[in-house]
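Each chain, letter by letter, is given below.
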Amino acid sequence: MAAINDLIKQIPDTSLRIRLEQEVARLSKNKKFGLVFEEHIPECTPLYDVAVKLGSTVARKTGHINDVYTVVKLNADIALCRNKATGGTVTIPLTELVSVAQFGEPIFPMLQPIDSIENAPDSNLWHTLIEADNYHALQLLEYLYPKQVDCIYIDPPYNTGAKDWKYNNDYVDSSDSWRHSKWLSMMQKRLRIAKRILNPDTGVLIVTIDEHEVHHLRILLEQLFPEYYIQMVTAVINPKGVTQGRFSRVEEYIVYCFAPNAFVDPSDDNLLNPPVSNRKPRWKGLLRSGTNARREDRKKMFYPVLIDTKLGKVVGTGETLPFEEYPNFDLKIDGYDVAWPIRTDGSLGNWGVGYETLRTLINKGYVSLGKYDSKRKTWGISYISLPNQKMIDDGRIRIVDRDPKTGVVSIEYTDGNNRAIKTVWHRSLHDAGAYGSDLVSSIIGQSRAFSFPKSLYSTKDAIMAVVRNNKNALIVDFFAGSGTTLHAVNLLNAEDSGHRRCILVTNNEVSVDEARDLQRDGYQPGDLEWEKHGICRAVTWPRTKYSILGKRDDGTVLTGEYFTNQTVTKEVDRSFYQLGFVENPTELTTSAKKQLVSLLRGKDGKAQLPQTLVKAGSKFIVSDKHSASVLFDVNAVDEWLEALEDQDHITDFYILVKETARFKEIKALVTDLLGPINETTQVKRPMGDGFPANVEYFKLGFLDKNSVSLGQQFHEILPLLWLKSGALGQRPELSSDEEPEMLILPQNGFAVLVDETKFAEFAEKLSEEDKIRVVYFVTNSEDAFREMTAGIKVNNTYQLYRDYIDNFVLGSRRDS
């Protein structure tokens, strides 16, 4: 290092020598372990809407953005510029120049309204889309929401070696030997600020990445987020696979960084177990039917059930009545009426479960009282039939509702799925082709509208895993791309009536091919024709707008449906088939039965039963693994019914019998035994319905520091104040160019005192409002600010413009 320092001292250019000395000093302090990468020349951002003036930092529109100049003289349409690195001067036409913001320099951002959507006029919830370089946008977000963001979800460029991202306005391709270093430098700068907007107690950072940078990213995150718990998920996003190297890759990775007290709800793991049929337990008649249904068949199952007729509920049971005793049907027990197991023919039967089990079910709310049957002189009673009685106490039961009068519950069971989300996700809905590229193209109405968008459902699931129980979460995505994150948040809110708010940040880059075509036609970055082809204006905003409204600008309604995590359960009858064409079914050979079974097909056209289930002398087929059953011999119906008991999964029944009356009789016995099917299906949402949501679309701009210091930028600052106060209600706008003395905006939850001499009037008006949560005072005096704050009953107060200026001056020093 000493030799390098000696050589640096020989450099005649003072500014270059000082800069090199600073970089070498920084290099010498680098860690000698862990992740080591180069600190590159600071990134620059072109500011096409900022006029070139004397003293401006500029670059050529068609040159390297980091080859910067200072404008030292203006003469009509020509600027005399001094190169910041070499000190040389050159004259450049103003039309070829663009103002530049160098990272580390103080910037004073503002938000220029571009467009908005209001599809939920009765809602205070407003999402935000910001067209900007994400570094400067993050600096703004740190001013607006320090330590307030619940979840950050980002899908940064994967640095595959293709031209998928730029560093300092130049594409980084596979030939760049500093490719990985530039990527890490880019990510480090942004993640440092991102950490400062994340809630340090419960916030979660989510980063999706593929194999090219996953290991570098993991180490970088461990260095930047040492107090966070970091875990990685493997997600299959391209089942067809992409051939890269020796293997065909189907997956990518999702890295979660959990703040110390971040919560993940482990219940109802739909990532592993999408909704399936028969998830809702069925109600089964307590009176036993089918085989062993007489009193003498199951003597211990004959006991009284106590009924409270006033409340219409089952309240308890007596014990088994000795077989030699006959029940007294008029007897009341403990003042309650009594139900006995009486069959439809008036004979004595038995109950389906023992009295001790029934008592447990009653206490749980799993027993329901039906109507009184005057013919049988008893009541219909039903109970919830569970595949495994242990489910009552082992935590696999979820109570959906409980009748306050009878105590009877509606429940769902998870069948063992009530467990933590696992780290490998393989769902068909996560296919980035069908539910990413194709979905975006269908919404925008343009094929290949965006390269490699995320699946809407993979993004929703990734976010839902950490904000499912926070319906008011604030979610930020500063690599927004096509806008999948906001789309996913809207779908999640629609599913559970949430009010989660989303902030998207994306640049307005045009694709390589479009840039070439536009340059050929004489357009440059910053031209209207150029900008309208950028990502934000051509993809992100149209997708956001169309998906919320449910239609495109030309009025065409979006077709298709969204898959949701909501389910609906309905009772569906089981299917019965009379096979009356078989002559003498009791005489069928084993071979003939196998041939018959081979003909049985389900709705999908596949065989329902394997022939191997047919054995010599088989009178019927009942299988725990198949949804169809066959009765070959109607003389064995009692044995068949006994085998069918609790086989709720069987939906199709084939009965070999010629007599229709006999077929209907057997059908009735099976129906009475098993009841209907509880079929649970996934609810779908028509895309044409849109979403009840509101969005403001801004472009990030920059203010002159001197004008801000003099308090001359109130109109430009007002959108920031609205956002900083929570983006409640429709964004306020001033009706004239004149600066108001004060603003009191209860519909937006904030107030501003512009003229501090009007404080008394302001405070009086403020006392009449109960919805003001934030107050801004425009004053240069800290003493006056403290006095005014003490004179109102609002805790959240800010001093304009000191608070605004200090944030960005100090922030730039910290990040440089």
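Shown above is the structure to which this text applies.
All of these numbers come straight from a predicted model, not from anything done at the bench.

(A) Summary view of the side chain of Glu 131. Its place among the elements puts Glu 131 in strand E8 (residues 127-131). One polar contact links Glu 131 to Tyr 697, side chain to side chain, over a distance of 2.6 Å. With near-sequence residues (within four places) excluded, Glu 131 lies in contact with Thr 506, Asn 508, Glu 531, Cys 536, Arg 537, Tyr 697, Phe 698, Lys 699 and Leu 700.

(B) Quick look at the packing of aromatic side chains. By the definition in use, this model includes 26 aromatic pairs. Here the aromatic rings of Tyr 435 and Phe 563 are separated by 6.1 Å at their centres, their planes lie at 90°, and the arrangement is edge-to-face. Of this pair, Tyr 435 sits in helix H7 (residues 433-444) while Phe 563 sits in strand E28 (residues 561-572), and the two are 128 residues apart along the sequence. A residue is classified by how much of its surface remains accessible, and Phe 563, at 22% relative accessible area, is partly exposed.

(C) Layout of the environment of Leu 7. Along the chain, Leu 7 turns up in helix H1 (residues 2-8). The spatial distance from the C-alpha of Leu 7 to the C-alpha of Arg 17 is 9.9 Å, given a sequence separation of 10 residues.

(D) Representation of the state of the cysteines in the model. Inspection of every chain in the model, using the stated rule, returns zero disulfides. Among the cysteines around Cys 257, which has no disulfide bond, Cys 151 carries the closest sulfur, lying 11 Å off.

(E) Structural view of a negative patch on the surface. On the surface, Glu 764, Glu 768, Glu 769 and Asp 770 cluster together into a patch of negative charge. Note on Glu 768: relative accessible area 61%, which makes it exposed.

(F) Geometry of unusual backbone geometry. The linkage connecting Leu 800 with the following residue, Tyr 801, adopts the cis geometry, with an omega of 5°. In this structure, Tyr 801 sits in the loop between strand E38 (796-800) and helix H20 (802-815). The backbone of Asp 334 sits at a positive phi, close to 55°, despite the residue not being glycine. Relative to the helices and strands, Asp 334 is located in the loop between strand E19 (313-317) and strand E20 (337-339). Located in the positive-phi region is Ala 727, a residue other than glycine, with phi close to 55°. Along the chain, Ala 727 turns up in the loop between helix H17 (714-724) and strand E35 (742-745). Among the residues examined, Ala 727 registers a relative accessible area of 0% and is labelled buried.

(G) Spotlight on the sheet that holds E8. Ordered in space as E7-E34-E8-E27-E26-E9-E12-E16-E13-E25, the 10 strands form an open sheet in which the pairing is mixed. Strands with a single pairing partner mark the edges of an open sheet, and in this sheet they are strand E7 (109-118) and strand E25 (424-425). Both strand E9 (residues 151-154) and strand E12 (residues 204-209) contribute to a ladder of four bridges, which runs parallel. Residue pairing for E12: Cys 151 is matched across the bridge by Val 204. Set on the sheet, helix H12 (residues 535-549) makes contact with E7, E8, strand E27 (501-506) and strand E34 (694-702); between it and E7 the angle comes to about 40°.

(H) Local environment of the sheet that holds strand E18 (residues 305-308). Here we have three strands laid out as an open sheet, ordered E19-E18-E20, and antiparallel in their pairing. Unpaired on one side and paired on the other, E19 and E20 mark the two borders of the sheet. Looking at each pair of strands side by side, their axes are set apart by 40° on average, direction ignored. Alignment of E18 against E20, held across three bridges, turns out to be antiparallel. Its bridge partner lying in E20, Leu 306 is registered against Val 338.

Analysis parameters
For every chain, the first residue of the written sequence is number 1, and numbering continues from 1 onward in sequence order. Per-residue local features of the predicted model are confined to residues with pLDDT of at least 70, and side-chain atom pairs are confined, for both listing and counting, to 80 or more; whole-chain, interface and lining totals are unaffected and use all residues. Excluding hydrogens and water, the side-chain values take into account all heavy atoms of the structure. Only DSSP runs of H or I covering at least 4 residues are called helices, and only runs of E covering at least 2 are called strands; the numbering of each starts at the N terminus. Any pair of nitrogen or oxygen atoms within 3.5 Å is treated as a polar contact; in protein, a donor-acceptor pairing is required on top of that, and neighbouring residues in sequence qualify only through side-chain atoms on both sides. What makes two residues a contact is simply this: any of their non-hydrogen atoms within 4.5 Å. The aromatic pairing rule takes the rings of Phe, Tyr and Trp, using the six-membered ring of Trp, and pairs them if the centres are within 6.5 Å, calling planes under 30 degrees apart stacked, those over 60 edge-to-face and the rest tilted. Relative accessible area decides the class of each residue, using a 1.4 Å probe on protein chains only: under 20% of the type maximum gives buried, over 50% gives exposed, and in between gives partly exposed. The disulfide definition used here is simple: a pair of cysteine sulfur atoms within 2.5 Å. What makes a patch is a set of residues exposed beyond 30% relative accessible area and free of salt bridges, joined within 9 Å when like-charged and within 5 Å when nonpolar (Val, Leu, Ile, Met, Phe, Trp, Tyr). A 1.4 Å probe and the Shrake-Rupley method give the accessible areas. Residues count as covered only by the protein chains that appear here. A pair is scored as a salt bridge if a Lys or Arg side-chain nitrogen falls within 4 Å of a carboxyl oxygen belonging to Asp or Glu. This count recognises Lys and Arg as positive and Asp and Glu as negative, with His and chain-terminal groups excluded. Here the site of a charge means NZ on Lys, CZ on Arg, CG on Asp, or CD on Glu. A pair of strands is treated as paired once DSSP finds two or more bridges between them. Helix axes are fitted to C-alpha atoms over the stretch in contact, other axes to C-alpha atoms as well, and angles between N-to-C directions run from 0 to 180 degrees.

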